[in-house]
Amino acid sequence: MGKHYRPPGKKKEGNAARYITRSQAVKHLQVNLPLFRKLCILKGVFPREPKKKVKGNHHTYYHLKDIAFLQHEPLLETFRETRVYEKKIKKAKAKKNEERAKRLETQKPNYKLDRLIRERYPKFIDALRDLDDCLTMVHLFAALPALEREKVEVKRVHNCRRLSHEWQAYISRTHKLRKVFVSVKGIYYQAEVQGQKITWLTPHALQQVLTDDIDFNVMLTYLEFNETLLAFVNCHLYHSINVKYPPILDPRLEALAADLYALSRWFAASTRAPLVDPQASSLSGSEQGQGQNKETSLEESELRLAQLQQQLPSNEPGALMRLVEDVAGEDEEDEDTKECKKLFRNMKFFLSREVPRESLLFVIPAFGGMVSWEGDGAPYDENDDDITHQIVDRPSQTRKILSRDYVQPQWIYDCLNARIILPTEGYLVGRVPPPHLSPFVDNDAEGYVPDYAETIKRLQAAAKNQLLPLPGVGREDLEDPQSLLAEGVIDRAEANEAAERKRQIMTLRKQYEDEIKIELQGASYSSAAPNQTSAEDMEVGEESLPDLQQVAEDTTSMSKVMMPRKKRGLLEAIMKGKQRKRDQVNLLKERKKKIEERQKSK
């Protein structure tokens, strides 16, 4: 029979009816390929892999329902109108009509992605679960240089930097940071917000070089969606702690690149702002109405900025990182938050100019500490007598103050990962610090526990007044004291027996050495005392002569006494197995011997 033929007009079935290739989808939507790719990224539509590829393996397939979902998207019409305006602007510039080109630029249709955020994330917890890649990309573009040829604008870089600092200020303010790990790629952070663990990566503060093998058009499309998502999350989180969003920063601190410190001051001003102005409450009703009319005439941003400047002096040391203060109406904190909040309490840090300032400004206040740095806009200078630790990352420190410790930045990260204040001797300036262990690795699951991890575990147990088991003793032994007591009695009895055997061996050894000395002096033992020997002495001597088998058994028992209980039990099981095999061999030999004797007798 020939190949199955489908008549024209007959309905398709199977994969041919459910999937469509990318070229067919672009033709169906009447858009070009870059616009189709952008629309798929914003709507969250991705290619599918059908079981049977109708058009071949070299095509990209999409589900037909996804394409129908894109067909009814209002953004599609906006993109088409934008494309029409771009053609008009290009035509006006070609005709040297600058006035018409500028007017068309102002009339170009704009769009927002707020509706897509609410559509893709119906609940706020869904947005938090999808925040890992979003934070990583926003922090990446916040560290990139602005390039016109790659369409990385200065305005977009500044926006990413602002959003990242707003997120860090909230995490630091609410003490939600849990883990930090410094790697070659960058610094990994993990925070716990509303029960969700969020992990992101920030690049090191180094000069970034952009390569040509990256499609920045696709990256910028993802970034456009991630910026809207992070702004939505920040707004919701700020309102949850009764802080206005977006915050207004001190322009002087913003010009000095101290955005994170400026955000902390905004938190402090917002939490300390009174609900009713006491001066306004003392006025009459008419005066209050006039004052309200005057306030409504002012712009909201100017009013909030003036209120911030009046409430918070420009260089108040107590205003540094007010993230440790409680907010009225805040939910009850969990145990981890309380522990993180008290780690660096009553400790003041000062950062030298060579350390990663932004990372430490984010980490130290998140665990309850106060921090300053070397430069303009700092809350206190290096000569402050209350500074307890100075973070230095150089081979040597010439000028030292005896009232503070000079430690390396790794000490901060190791302390917060261990949740205890580690000794500073191994992290002093000029010394090779201990290994920086990753808090994201489970040593027990990996099967290898580093030595420094064991040291940290001992320090944690000492800080919490816990009793750790000795080497060779498990947790189950600590939970069952009767087994430990019985084991102690058995060990004591075995130790006494071994001591008695050792004493006998030493006595026999001393006797043997005395006989050797007498022979070396030229006289034999028998000639030195010919008449002193008797039958009884000979019997005693025969009894006191050392038995080689007994000596070997005594040595084995001594080694067994020094072993832990588990290893000793394993050794006894091995010895029993060997003895059982010997008994079986001897039994076989006896049977064979009996059979041979019977055959001979016959």
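Refer to the structure printed above.
What this report covers is the structure whose coordinates are included nearby. None of these values were measured; they are calculated from a predicted model. (Residues numbered from 1 in each chain as written. Predicted model: local features only at pLDDT ≥ 70, side-chain atom pairs only at ≥ 80, totals over all residues. Heavy atoms only, no water.)

### Looking at the nonpolar core
Soluble globular proteins tend to bury their nonpolar side chains together. Our working rule: Among the buried residues, those of types Ala, Val, Leu, Ile, Met, Phe, Trp, Tyr and Cys that are joined through side-chain atoms within 4.5 Å form a nonpolar core. Partly exposed residues are those whose accessible area sits between 20% and 50% of the maximum for their type, while under 20% is buried and over 50% is exposed, using a 1.4 Å probe and protein chains only. It only takes one pair of heavy atoms within 4.5 Å for two residues to be counted as in contact.
One finds Phe 36, Leu 131, Trp 167, Val 363 and Ile 412 to be the most contacted residues of the largest nonpolar core, which totals 91 residues. What Phe 36 contacts, discounting residues up to four positions off in sequence, is Arg 22, Ala 25, Val 26, Leu 29, Val 31, Tyr 62, Ile 67 and Leu 70.

### Considering the packing of aromatic side chains
The following threshold applies: Working definition: a ring pair exists when centres of Phe, Tyr or Trp rings (six-membered ring for Trp) sit within 6.5 Å. Plane angles under 30 degrees give stacked, over 60 give edge-to-face, the rest tilted. Runs of E in the DSSP output that reach at least two residues are strands. Runs of H or I that reach at least four are helices, and both are numbered from the N terminus. Either the NZ atom of lysine or the CZ atom of arginine qualifies as a charge over a ring when it sits within 6 Å of the ring centre and within 35 degrees of the ring normal.
Summed over the entire model, instances satisfying the criterion amount to 13 aromatic pairs. Seen from their ring centres, Tyr 121 and Phe 225 are 6.4 Å apart, and the 35 degrees between their planes marks the pair as tilted. In this pair, Tyr 121 sits in the loop between α7 (114-120) and α8 (124-129) while Phe 225 sits in helix α11 (residues 216-240), placing the two residues 104 residues apart along the sequence. The residues Tyr 121 and Phe 225 share a single accessibility class, namely buried. On the numbers, 6.5 Å between centres and 45 degrees between planes, the contact of Trp 200 with Phe 362 is tilted. Of the two residues, Trp 200 sits in strand β5 (residues 196-202) while Phe 362 sits in helix α18 (residues 357-366), which places them 162 residues apart along the sequence. Here Trp 200 and Phe 362 have matching classes, each one buried. Looking at Lys 88, its charged tip hangs above the ring of Tyr 85, at a distance of 5.5 Å from the centre.

### Here's the deal with a negative patch on the surface
Using the following cut-off: Think of a patch as exposed residues, more than 30% relative accessible area, with no salt bridge, where like charges cluster within 9 Å and nonpolar side chains (Val, Leu, Ile, Met, Phe, Trp, Tyr) cluster within 5 Å. Every accessible area reported is derived by Shrake-Rupley at a probe size of 1.4 Å, with residue values counting cover from the shown protein chains alone. The rule for a salt bridge is simple: a side-chain nitrogen of Lys or Arg has to be within 4 Å of a carboxyl oxygen of Asp or Glu. We treat Lys and Arg as the positive residues and Asp and Glu as the negative residues; His and chain ends play no part in the count. Charged side chains are reduced to one point each, which is NZ for Lys, CZ for Arg, CG for Asp and CD for Glu.
Together, Asp 442, Asp 444, Glu 446, Asp 451 and Glu 454 give the surface a local cluster of negative charge. Mapped onto the negative patch, the elements with two or more residues apiece are α20 (443-446) and α21 (451-463). Along the chain, Asp 451 turns up in helix α21.

### Structural notes on the sheet that holds strand β3 (residues 177-182)
Sheet strands associate in pairs through backbone hydrogen bonding, adopting either a parallel or an antiparallel arrangement. Note the following rule: Only when DSSP finds a minimum of two bridges between them are two strands counted as paired. The convention used is that axes are lines fitted to C-alpha atoms, helices contributing only their stretch in contact, and that angles between N-to-C directions extend from 0 to 180 degrees.
Ordered by their spatial adjacency, 3 strands build an open sheet running β3-β4-β5, and the pairing between neighbours is antiparallel. Unpaired on one side and paired on the other, β3 and β5 mark the two borders of the sheet. Geometrically, the sheet is characterised by an average inter-axis angle of 15 degrees between neighbouring strands, direction not taken into account. By the bridge criterion, 7 bridges tie strand β4 (residues 187-193) to β5 in an arrangement that is antiparallel.

### Examining the sheet that holds strand β6 (residues 348-351)
Across the sheet, which stays open at both edges, the 4 strands sit in the order β7-β6-β8-β9 with parallel pairing between neighbours. Pairing within the sheet leaves two strands with one partner each, and these edge strands are β7 (370-373) and β9 (405-407). Strand-to-strand twist in this sheet, taken as the mean axis angle between neighbours without regard to direction, amounts to 25 degrees. Where strand β8 (residues 389-391) meets β9, 3 bridges bridge the pair, whose relative direction is parallel. Note on β9: the bridge partner recorded for Ile 391 is Val 407. Running over the sheet, α18 touches β6, β7 and β8 and is turned about 165 degrees from β7. Where helix α19 (residues 409-418) meets the sheet, it contacts β6, β8 and β9, and its direction lies at approximately 115 degrees from that of β8.

### Structural notes on the pattern of salt bridges
For side chains bearing opposite charge, pairing can occur when the charged atoms are close. With the rule as written, the count across this model stands at 20 salt bridges. For Glu 224, the salt bridge goes to Lys 38, with nearest N and O atoms at 3.9 Å. Taken together, the positions of Glu 224 in helix α11 and Lys 38 in helix α3 (residues 33-43) put the pair 186 residues apart, joining distant regions of the chain. Judged by its relative accessible area of 17%, Glu 224 falls in the buried class. Residue Lys 38 is classed as partly exposed on the basis of its relative accessible area, which comes to 23%. Between Glu 119 and Lys 43 there is a salt bridge, with its nearest N and O atoms 2.7 Å apart. Pair noted here: Glu 119 is in helix α7 and Lys 43 is in helix α3, with a separation of 76 residues, a long-range link. By relative accessible area, Glu 119 is classed as partly exposed at 34%.

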